[in-house]
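Results of the structural survey
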Amino acid sequence: MTTLLQRLATLIDTVPGERRMRRFRSTWPAGASHGVKFYRGPRVQYRYRERGAGTTIVFTADPPATLEFYDELLAIFSVEFRVIVVELPAMGFSATEAKFGFGWRETNDDLTVFLREVAGPGAVLAFSCVAGLAAIDIAVREPSLVSRLVLLQTGSVEAFARWKSARDPKGILGRSVMGQLAMKRLAHKRMPDWYRLSVGNVEKLDHFCACAHESFRHGALWSLASAYQIYMDPEIILGRPAQSILAIWGLADRSHPEGNADTARHLSDDVKFIAYADLGHAPELEDPARVFEAIRAFCT
């Protein structure tokens with residue numbers, strides 16, 4: 001259960017909500033990439049890009065990545081798919097109302113509205129990292145919206161508890177107010193360290209860092225502390241989806257403890273597992289052509 005202190009701490013990440021939404025629609029975020037669109041959900045104004053035709057596949061931008069990272073992926077996947085890439089609530093330039101509380105069901109329900117209204121029924125959900133748990137939850141509760149699941153660097157709830165502990169050994173991000181203030185002050189400085197730790201394809205490092213720095217310069221959000229404290233609840237109980245799952249894992253990701261990759265095999269009775277030894281936390285961005293071939297084979 002969210003405490004009053006936690007709820008107050010989230011305001012550091014969500015205020016001023018409406019003013020931020022207006023600014024994002026009329027300044028750099030609206031024109032920084034080709035095809036940027038906005039959709040206003042119940043509590044979140046989503047920023048997304050869309051390209052191509054065919055079966056719809058929805059990717060989530062894994063922060064600190066923003067839509068500006070996805071040019072190559074959109075070009076490759078749009079040959080076969082209608083591709084949507086969306087920034088998650090209070091991440092990138094998907095601003096939220098001040099009352100948004102980062103709750104598990106609250107967040108997933110808002111994402112469900114986006115999927116229903118923008119993606120439509122029968123989409124392939126290609127969600128990254130902890131957002132993969134949201135994809136499973138949505139697939140179980142709203143099966144008509146999801147035809148297949150592609151989970152990118154997503155393990156079990158227990159695996160993310162281990163990941164969370166390893167990434168915050170001093171418990172700073174997990175502390176209400178302190179964690180939010182630390183992220184506000186240090187996120188752009190710590191971002192290069194995150195990519196050096198997590199990226200396997202080192203040729204992409206400079207590009208990733210440059211994109212993230214430019215996004216931060218224009219006010220990109222990275223509300224990791226609020227997600228740590230509230231959304232990533234270790235008490236979450238996941239259902240088992242009926243849809244087939246393709247689990248893709250980059251083994252060169254040094255942010256995850258050893259053994260987390262194997263937990264992806266147990267998220268359902270129907271999981272195909274692919275691992276890339278030379279790729280890291282964002283295989284779909286580090287080598288989108290190789291990941292495209294895997295996903296295309298899975299979907300056909």
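Analysis parameters
- Residues numbered from 1 in each chain as written.
- Predicted model: local features only at pLDDT ≥ 70, side-chain atom pairs only at ≥ 80, totals over all residues.
- Heavy atoms only, no water.
- Patch = residues over 30% accessible without salt bridge, like charges linked within 9 Å, V, L, I, M, F, W, Y side chains within 5 Å.
- Areas by Shrake-Rupley, 256 points an atom, 1.4 Å probe, with all protein chains shown as cover.
- Salt bridge = Lys/Arg side-chain N within 4 Å of Asp/Glu carboxyl O.
- Lys, Arg positive; Asp, Glu negative; His and termini not counted.
- Charge placed at Lys NZ, Arg CZ, Asp CG, Glu CD.
- Buried < 20%, exposed > 50% of the residue type's maximum accessible area, 1.4 Å probe, protein only.
- Helix = DSSP H or I, 4+ residues; strand = E, 2+ residues; numbered from the N terminus.
- Pairing = 2+ DSSP bridges.
- Axes fitted to C-alpha atoms, helices over the stretch in contact; angles between N-to-C directions.
- Contact = heavy atoms within 4.5 Å.
- Expected span 1.5 Å × (residues − 1).
- Arc of directions from axis to C-beta.
- Phe/Tyr/Trp six-rings, centres within 6.5 Å; stacked < 30°, edge-to-face > 60°.
- Lys NZ or Arg CZ within 6 Å of the ring centre and 35° of its normal.
- Right-handed = clockwise from strand over helix to strand, strands pointing away.
- Polar contact = N/O pair within 3.5 Å; in protein donor to acceptor, adjacent residues only side chain to side chain.

Side chains of R19, R22, R23 and R25 sit close together on the surface and give a patch of like positive charge. Taking relative accessible area as the criterion, R19 reaches 55% and is therefore assigned exposed.

Moving on, we get to the pattern of salt bridges. For the coordinates displayed, the defined rule picks out 22 salt bridges. In this structure, R49 engages D71 in a salt bridge whose closest nitrogen and oxygen atoms are separated by 2.7 Å. One end of the pair, R49, is in strand β2 (residues 45-51); the other, D71, is in helix α4 (residues 71-77), and 22 residues separate them in sequence. We note a salt bridge from E214 to R217, for which the minimum N-O separation is 3.0 Å. Taken together, the residues E214 and R217, both in helix α9 (residues 205-217) and 3 residues apart, mark about one turn of the helix.

Okay, the sheet that holds strand β9 (residues 245-250) next. One open sheet accounts for 8 strands, arranged β1-β2-β4-β3-β6-β7-β9-β10; its pairing is mixed. Looking at strand neighbours, the two that pair on one side only are β1 (36-40) and β10 (271-276), the edges of this open sheet. On average, each strand axis in the sheet is inclined to that of its neighbour by 20°, with strand direction left out of account. Pairing of strand β3 (residues 55-61) with strand β6 (residues 123-128) involves 3 bridges; the strand directions are parallel. In the sheet register, F59 faces β6, and the bridge partner there is A126. Lying on the sheet, helix α6 (residues 131-141) is in contact with β3, β6 and β7 (146-152); it crosses β7 at an angle near 160°. The sheet strands contacting helix α12 (residues 288-299) are β3, β4 (81-87), β6, β7, β9 and β10, and the helix crosses β9 at an angle near 165°.

What follows deals with α12. Helix length check: α12 (12 residues) gives 16 Å between terminal C-alpha atoms against 16 Å at 1.5 Å per residue, within 8%. Among all positions of α12, only P288, V291, F292, A294, I295, F298 and C299 are buried. Projected onto a plane normal to the axis of α12, the buried residues spread over an arc of 165° and lie on a single side.

Enumeration over the complete set of coordinates arrives at 18 aromatic pairs. Judged by centre distance (6.2 Å) and plane angle (35°), the rings of F69 and Y195 are tilted. Taken together, the residues span a long stretch of sequence, with F69 in the loop between β3 and α4 and Y195 in helix α8 (residues 178-198) at a distance of 126 residues. Assigned by exposure class, F69 and Y195 land together as buried. On the basis of an interplanar angle of 80° and a centroid distance of 6.1 Å, the ring pair of F160 and W163 is categorised as edge-to-face. Pair noted here: F160 and W163 are both in helix α7 (residues 157-167), with a separation of 3 residues, about one helical turn. Feature note: the residues Y39, Y46, Y48 and F114 constitute an aromatic cluster, connected by ring pairs. Between R148 and the ring centre of F298, over which it is positioned, the NZ or CZ distance is 5.1 Å.

Here we take up the pairing of β6. Burial within β6 is extensive, with 6 of its 6 residues counted as buried. Crossover connection from β6 via α6 to parallel β7: handedness right-handed.

Along the chain, S268 turns up in the loop between β9 and β10. At 3.1 Å, the side chain of S268 and the backbone nitrogen of D270 are in polar contact. Setting aside chain neighbours within four positions, we find S268 in contact with R240, P241, Q243 and I245.

With an omega of 0°, the peptide bond running from V15 to P16 counts as cis. In this chain, P63 is followed by P64 through a cis amide linkage whose omega measures 15°. Mapped onto the fold, P64 is located in the loop between β3 and α4. Positive phi, close to 60°, is recorded for A90, a residue that is not glycine. Structurally, the position occupied by A90 is in the loop between β4 and β5 (91-92). The backbone of Q153 sits at a positive phi, close to 60°, despite the residue not being glycine.

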